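Below are the chains, spelled out letter by letter.
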Amino acid sequence: MDQRVSFITLVVSDLEASRKFYVEGLGWEAELDVPGEVLMFRVAEKVVLSLWVETGFTAEVGHAPARGGTPPVTLSHNLATTQGVDTVLEQARAAGASDVGEASERDWGGYSGYFADPDGFRWEVACNPGEIGQSVLP
């Protein structure tokens, strides 16, 4: 198996709330939008973020996803400046994100803050000055 990820799929309880948050609130453009089923965004040249409605997941996988608490995964959006971090966190707040934290200087040398989407998935918004952080900037 090649060392790569093609799709990242998040199971959502309310696809319309997710659409409102990501499309209307954050200004993302869907590459595929099947109402009531799935919403897909191209997030990198060969990577798609898929928001899949819970009923579809349950039908295909065979069991309901575990719910409750904070999902033990974060998604990260890396930016070139600390001002960019503050701007995106404010945009997420305006879009209705919950648990939007103030960004701060981190022990690892960067600057970051977090917000939660409608299903509680945590997004880190960061300025990572390290080599690997710089390598993922557009």
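See the structure printed just above.
This one's a predicted model, so the numbers in the text were calculated from it and none came from an experiment.

### Quick look at the sheet that holds strand β6 (residues 104-105)
- The strand order across the open sheet formed by 4 strands is β5-β8-β7-β6, and the pairing between neighbours is mixed. With one partner strand each, in any of the chains shown, β5 (74-78) and β6 form the two edges of the open sheet.
- Taken together, the 5 bridges between β5 and strand β8 (residues 122-127) define a ladder with parallel strand orientation. The partner of S76 across the bridge, within β8, is E124.
- Sheet strands touched by helix α3 (residues 82-94): β5, β7 (111-116) and β8. Its angle to β7, the strand with the most contacts, is close to 10°.

### Focus: unusual backbone geometry
- We note that D99 has phi near 50°; this positive angle belongs to a residue other than glycine.
- With respect to the secondary-structure elements, D99 resides in the loop between α3 and β6.
- Looking at D99, the relative accessible area reads 54%, which means it is exposed.

How each quantity is defined
- Residues numbered from 1 in each chain as written.
- Predicted model: local features only at pLDDT ≥ 70, side-chain atom pairs only at ≥ 80, totals over all residues.
- Heavy atoms only, no water.
- Pairing = 2+ DSSP bridges.
- Helix = DSSP H or I, 4+ residues; strand = E, 2+ residues; numbered from the N terminus.
- Contact = heavy atoms within 4.5 Å.
- Axes fitted to C-alpha atoms, helices over the stretch in contact; angles between N-to-C directions.
- Buried < 20%, exposed > 50% of the residue type's maximum accessible area, 1.4 Å probe, protein only.

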